[in-house]
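Geometric and topological summary
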Amino acid sequence: FWRGRKMGKDKGGGGKAQAAREAAEKKAVADSKAKGVEAMEVRHILVEKHGKAAEIIEIIKSGKMGFNEAAREYSMDKAGKSGLLGWKRKPELDQDFWAAALDVPEGKYTEEPVKTQYGYHIIMVQARK
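Residues numbered from 1 in each chain as written. Predicted model: local features only at pLDDT ≥ 70, side-chain atom pairs only at ≥ 80, totals over all residues. Heavy atoms only, no water.

Thoughts on the pairing of strand β5 (residues 119-128)
Heads up, the condition is: Only protein chains enter the accessibility calculation, which uses a 1.4 Å probe; a residue whose area is less than 20% of its type maximum is buried, one above 50% is exposed, and one in between is partly exposed. Secondary structure elements are taken from DSSP: a helix is a run of H or I of four residues or more, a strand is a run of E of two residues or more, and numbering for both begins at the N terminus. Any two strands with at least two DSSP-identified bridges between them are counted as paired.
Counting buried positions over the ten residues of β5 gives nine, a clear majority of the element. Relative to β5, strand β3 (residues 108-109) runs antiparallel, the two sharing two bridges. Its bridge partner being in β5, tyrosine 109 is matched across the sheet by methionine 124. As judged from the three bridges shared by strand β4 (residues 114-116) and β5, these two strands associate in the antiparallel manner. The residue bridging lysine 115 from the neighbouring strand is tyrosine 120, located in β5. Remark: two residues form the turn of the hairpin made by β4 and β5, two consecutive strands paired antiparallel.

Structure, rendered in structure tokens:
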């Protein structure tokens, strides 16, 4: 009896905590859009094919490889170390890249490949200002 109740509380607390984290992330993204983001520190992985980008996202999600390691291994863009583009303003990035990055909470990455004129990106947002 006691174990069952405790497990229920733990499960409920974890669910509520997860929901609260997700709500806070969504609010932070909405706030940054409303305030007008001047610049974002971003990383990316660039590949030619949508399927390859989706495969890389699954590799990262599964924990088999971190974002930086995947960028070094798979990205066509070797200019930035570990996919780092650094601080970029809106005019410096493809408009589709910028728009997708605005929807990503800091420290997270796109869960779907983002198509631009250069190919398919997996975008990680490190910070905004």
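Next comes the rest of the write-up.
Quick notes on the pairing of strand β1 (residues 39-47)
With eight of nine residues buried, β1 is to be regarded as a mostly interior element. With five bridges connecting them, β1 and strand β2 (residues 84-89) associate as antiparallel partners. If you follow arginine 43 over to β2, its bridge partner there is leucine 84. Sheet analysis places β1 next to β5, joined by eight bridges and oriented antiparallel. Looking at the pairing, isoleucine 45 lines up with isoleucine 122 of β5.

Thoughts on the environment of methionine 124
Looking at where methionine 124 falls in the secondary structure, it is placed in strand β5. Exposure remark for methionine 124: the relative accessible area of 14% places this residue in the buried category. Along the chain, methionine 124 and valine 42 lie 82 residues apart, while their C-alpha atoms are 5.6 Å from each other.

Some thoughts on the confidence of the model for the chain
Note the threshold: The predictor attaches a confidence to each residue, called pLDDT, with possible values from 0 through 100. Residues count as neighbours in contact if any of their non-hydrogen atoms are within 4.5 Å of one another.
For the chain, per-residue confidence averages 84 on the pLDDT scale, and residues scoring 70 or more make up 78% of the total. Helix α1 (residues 2-35) is the least confidently modelled element of the chain, averaging 57 in pLDDT, while helix α2 (residues 50-62) averages 98, the highest of any element. Confidence over residues 1-13 falls short of pLDDT 50; this stretch has zero contacts with residues more than four positions distant or in other chains.

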